[in-house]
Structures are given as structure tokens and as C-alpha cells.
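Residue-level structure breakdown
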Amino acid sequence: MSQAQMEHEQGIGLAEVEQTGLGEVNNAKLNQLLYQLRTQKRHQAQTVMSEQTAAKVLSQPVPAPQPEVTSLVELRQVLNSTAQILILDLEFYGGKGTRVAQLAGQVYGSHERFNYLVFAPEAMTDAQQLKFLKETNLPYLDATKLDLTVVTERVNQFMLIIF
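Quick summary incoming for the structure in this document.

About the cut-offs
Residues numbered from 1 in each chain as written. Predicted model: local features only at pLDDT ≥ 70, side-chain atom pairs only at ≥ 80, totals over all residues. Heavy atoms only, no water. Buried < 20%, exposed > 50% of the residue type's maximum accessible area, 1.4 Å probe, protein only. Helix = DSSP H or I, 4+ residues; strand = E, 2+ residues; numbered from the N terminus. Arc of directions from axis to C-beta. Pairing = 2+ DSSP bridges. Axes fitted to C-alpha atoms, helices over the stretch in contact; angles between N-to-C directions.

Quick notes on helix 6 (residues 126-136)
Residues of helix 6 that are buried: Q129, L130, F132 and L133. Buried residues along helix 6 cover an arc of 160 degrees about the axis, so they all sit on one side. Opposite the buried face of helix 6, by more than 90 degrees, sit the exposed residues A127, K131 and E135. Positioned one or two residues after helix 6, N137 has a phi angle of 55 degrees, which is positive.

Structure below.
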């Protein structure tokens, strides 16, 4: 095999996968691509919260805790009140620790809802990653932007708008 062919195989890019389609690329090449992209991500700089953002977060008041609902009568009172209640549904990846796979929610008595998938390659097997990429039809680099931090921020934005 020539040096150019070896460099080409080592440098399999996302563009090549997109051009040929996931169905036409064999699993060995996809596993190699996932390994290369994970390695690239580890070498990228971590995003650090700025002092201004940290000061803003720390300056926000912490709401007083609500009394705990302990009976069906209390639950009925809360549901019949003007309180807005956010019902959350979390799904987790098994295996390498417990990591959130999907975060969904709905405001009780309303049509306002959200449903976010979380891509956590460090907690997912290669098969789970491939399944996620196929189902969402996202390139790997775009999927890595769907980490729990980003999804949590989206949920916070949803709550700011709704509540």
C-alpha cells in the first residue's frame, strides 16, 4: 500500500462518510472514525465559564423550597392551584455508569413540552453511538454538541420562557 493510500485511510473524514452514506461504510471504518473523533475532542480546549457569567449565575436568588407533598389530598390541592408544574422524564444509558440519554418534560395542564436527546460518547458503547447517529441523522461533530450541559441550558431557557 502506498504512503498516500495509508494517509488517506488514517485520515477518514466526516465528509467522506456523509458523501457515501452510513449504509455504504463498513463498521470497521465507522469504529475507526469514532476513535479518531474522540481523540480529537479530547485535545480540544475545554470551555470555561467567564467571570461575568459566573457572577450573573451566583447573583440570582435561590427560590425558597416548597413544602413537600405527602398525601393525595395535598397533591390534588397543588394540581388544582395556579402553580405551574413541570413533569420531567429522564432516560439513562446503562453500562459505563449512569448517564442521561434523554431529557423530556411537559408543563402540567399545558401543551408546552420539550424532548432532548443527550449524546455522551464517554458513556455510550460504539453500537449506541452508531444507533444515535443513524436515528438522528447528525454528523458526529454536531452530535457531540448535544452534551448534558447544552441540553440542561436549553431546559433552563424553556423554563425561563414558560415560567
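Having seen the structure, we can now continue with the description.
A closer look at unusual backbone geometry
The phi torsion at N137 lies on the positive side, around 55 degrees, for a residue other than glycine. Within the secondary structure layout, N137 lies in the loop between helix 6 and helix 7 (140-143). Accessibility expressed as a relative area gives 67% for N137, which makes it exposed.

A short note on the sheet that holds strand 3 (residues 113-117)
The strand order 1-2-3 describes an open sheet built from 3 strands, whose pairing is antiparallel. Looking at the sheet topology across the chains shown, the edges are occupied by strand 1 (86-93) and strand 3. Pairs of neighbouring strands in the sheet enclose a mean axial angle of 15 degrees, with direction left out of account. When strand 1 meets strand 2 (residues 99-107), the two strands line up antiparallel, connected through 8 bridges. Paired with E91 across the bridge in strand 2 is Q102.

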